Every structure is written in structure tokens, then in C-alpha cells.
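# Geometric and topological summary
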Amino acid sequence: MLIGILTFHNEINHGAFLQTYCLQETLKRMGNTVDIINYSSPFYLRNHNNAIRYTCFRLRNYRHRSYRYNAISTLIKEIKFRYARQTKLSTTQFSEDINYIIRQKKYDLIILGSDEIWNFENLGRGLDLAYFGKGIDKCRIISYACSFGNISLNQAIPGEVVNNLKKISSISVRDNNSLSIVNSVSLNAQKVLDPTFLYHVNPFHTQRSKNIENYILIYAVDLKPETVKIIQDYSRKNGLKILALSYQQSWADINIIDAGVFEWLSFFEKAEIVITNTFHGTIFSILNQRQFCVAEMGNKSIKIKDLLEELGLLQQIAFSSTEIPEILSKTIDYTPVISTIELLKTKSMDFLNKELEDCSVK
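Residues numbered from 1 in each chain as written. Predicted model: local features only at pLDDT ≥ 70, side-chain atom pairs only at ≥ 80, totals over all residues. Heavy atoms only, no water.

### Comments concerning the sheet that holds strand 4 (residues 140-143)
Pairing is parallel across the open sheet formed by 4 strands, whose spatial order is 2-1-3-4. In this open sheet, the two strands that pair with only one neighbour each are strand 2 (33-36) and strand 4. The sheet shows a mean angle of 25° between the axes of neighbouring strands, direction not considered. Taken together, the 4 bridges between strand 1 (residues 2-6) and strand 3 (residues 109-112) define a ladder with parallel strand orientation. From the neighbouring strand, L6 faces strand 3, where its bridge partner is L112. Its contacts with the sheet place helix 1 (residues 14-29) against strand 1, strand 2 and strand 3, and it is angled at close to 160° to strand 2. (Pairing = 2+ DSSP bridges. Helix = DSSP H or I, 4+ residues; strand = E, 2+ residues; numbered from the N terminus. Axes fitted to C-alpha atoms, helices over the stretch in contact; angles between N-to-C directions. Contact = heavy atoms within 4.5 Å.)

Here's what the structure looks like:
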């Protein structure tokens, strides 16, 4: 079949790219032709372009070395992501009009997701009903592993969102919070795994990643000073360097801000320990069977706690920074974790297989 995927494929974010790539490759492996629908709203494009312009402004006007390094690295990363999209994603012609893209081809199926495409309070995108299926006509629509992010079950769901959800033939989400929200508007949904669990991606080892060893990987934002001190003390006691990935940390021994998508994976593969507060940072710590700790989850707490609870890894969350050394001192037994992942992966693939079979019959 010809399948279109509508998701956040164009974010400068490793997890967002990889969830797109993994769903694309999973569907291709099942024998389908797959398009990544290359759509963005004018609102998103304006915000993204403003961010790039601000980065260029910092590069020209800020004299402090760390600011200039961060700005240069950010622009290099932007270039690497554009190249990855061009070479690894089967994207359609770009348009700000979802209707225009859909009219160009006769899709058998459109899949919404994965990622937080249903977070209608996303500051960078706003409420974009295209991600709820608006404008996609004369085509069967399902969702795969969508998320409302940190939208609370107690919040009012816009009527337009509910009306478009009702037009989706089959809904699947990736966390219990999103499941509860869908159920609250009298719709049924199934919980499935994030696409990054479905398809194994080989990391790309650059000379840079090959040369760095014996490190604690920090893939996190906005860590508190007390957390930083505990990590520094732990690294000194255990003879490990601190490597900050993607987000600059002035206190780290090494900063790698400009890692390309597949090089990024190699740093997880080689890390002795990972400390993160992101959803995909948690996933790739698990997939690489690393010793890891989740600290200061912030607005990511809903989906991270949900994932770790399902995999029997809630003990890896540090609810206070003082818990980090104790968590890292206990070796993780990954045998039951991998068994659980395989079971959940089977259920997730069953969902996709059933939807593709139903679509081919109709």
C-alpha cells in the first residue's frame, strides 16, 4: 500500500527524527511504500526561522566564547538534520497546505504520529488541527503512538479536536495519560510502543565518538546546581569524564552539541552511565542497556514515569538529586526488561498489521 505519515519529522531533535525514521522503516519492512508528509504550518515555520535568525544574531554579536561555540554548533546541527531528512526520509514535496499534499497522491492510509503531535498547547506549533486529521479527506486515517504530552486529563479539550478525533478510524497512543484523554471523550484507543522500539537503528561511529571513552553521558536540560554537584562528585569518585550531548553544560568535561542523528546514537552505545530527563534519552538508555538515572523530569514526568512503570524500571527515577548515587550503584537486570519490551513490541506490531489488513480489505 501507499502510506503517508504525518508527524513532527522536521524538528531539530534527535528523538523526533528517530521516531519518524523508525516508523517509516517498520512500514517499509512490512512491504509498503511510505511517504513522510512534508507539511508545516506558517505559524511553526515563522517560529523556527526566528530561532535560526536569533542563533545567527548570537554568532555575530556575542563575544563570549561559549555563546559563539553554542551558536556555531546549533547551525551545524541544523545542516546535519536537513541532510538526514533529505537522505533518510522519503518526504513529499513541501507545502504549508495539507490538502495540497494529500491531493497529489492517492494514499491508501494516513498515519498520524508518533510524538506529541496532539499537544495543542505546544508553544512552537500551537493548535494545528492537521495533526488531528483535518484536511485529510477520502482516505482512511489511523494514529500510531500519539501523545497529548503534558496536557492534563482535567483540561478542557477543544471541540474541534474532539470532532476530528472522531473521524479517525483507529486510535493508538503511547502513554496512559493520552489513553485517558481519548477515553474521556467517549472514544476507544490502544496503547502501543514508541516507534523507536520497533526498528533497530545502527549508530554511526565517527572518529570523534570512537576516541571518547569512560564517560557519564548527560542528555538533559536545566539541571539544578545541586544535581550538577552530585554528578561531578560521582564522576570524580568513579574516574569518569562528563560528556554533555546536544545541550551545552558549562560544567561538563566535554560538550558535543552538533552531533548528527546517527552519531548521537553512538554516544549512548558507548556511555558507562546515562543521566537524562528526556523521553527518548530514557528510551535509548534502555535500548542500549545502559546503567542510567532519570533526574528532574519536569514536564516530561507523565510519559517517562509511564514508560518506566510498564518496563519495571521506576527505581531508576531520582525524585531528589541525593538519590542519584544510590540508583547508579545498583546494576540493572535487563533480562525481564527485554522480555517485556518484546511482548509489548508484538502487541504494537499486531495493531499495525491489523490496521493494514483492514485497510487493504476496504
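### Topic: the pattern of salt bridges
What the rule picks out here adds up to 15 salt bridges. K191 serves as the salt-bridge partner of E310, at 3.1 Å between the closest nitrogen and oxygen. On the criterion of sequence distance, the pair formed by E310 in helix 11 (residues 301-310) and K191 in strand 6 (residues 190-191) is long-range, its members being 119 residues apart. A relative accessible area of 22% places K191 in the partly exposed class. Taken together, the shared-partner salt bridges in this structure form one network comprising K191, D306 and E310. (Salt bridge = Lys/Arg side-chain N within 4 Å of Asp/Glu carboxyl O. Buried < 20%, exposed > 50% of the residue type's maximum accessible area, 1.4 Å probe, protein only.)

### Quick look at empty space enclosed by the protein
Across all of its chains, the model carries 1 cavity of 30 Å³ or more by this definition. Taken as a whole, the largest cavity spans an internal volume of roughly 50 Å³. Taken together, F8, I117, N119, F120, N122, R125, G126, L127, D128, Y131 and F132 make up the lining of the largest cavity. (1 Å grid on protein atoms, 1.4 Å probe; cavity = no way out; pocket = protein on both sides within 12 Å on 5 of 7 lines; lining within 4 Å. Points joined across faces, edges and corners; volume = space filled by probe spheres on them.)

### Examining the state of the cysteines
Counting across every chain of the model gives 0 disulfides. Looking at the unpaired C146, the closest cysteine sulfur is the one in C139, lying at 15 Å. C139 supplies the cysteine sulfur nearest to C359, a cysteine that is in no disulfide, at a spacing of 7.1 Å. Using a relative accessible area of 9% as the deciding quantity, one classes C359 as buried. (Disulfide = S-S within 2.5 Å.)

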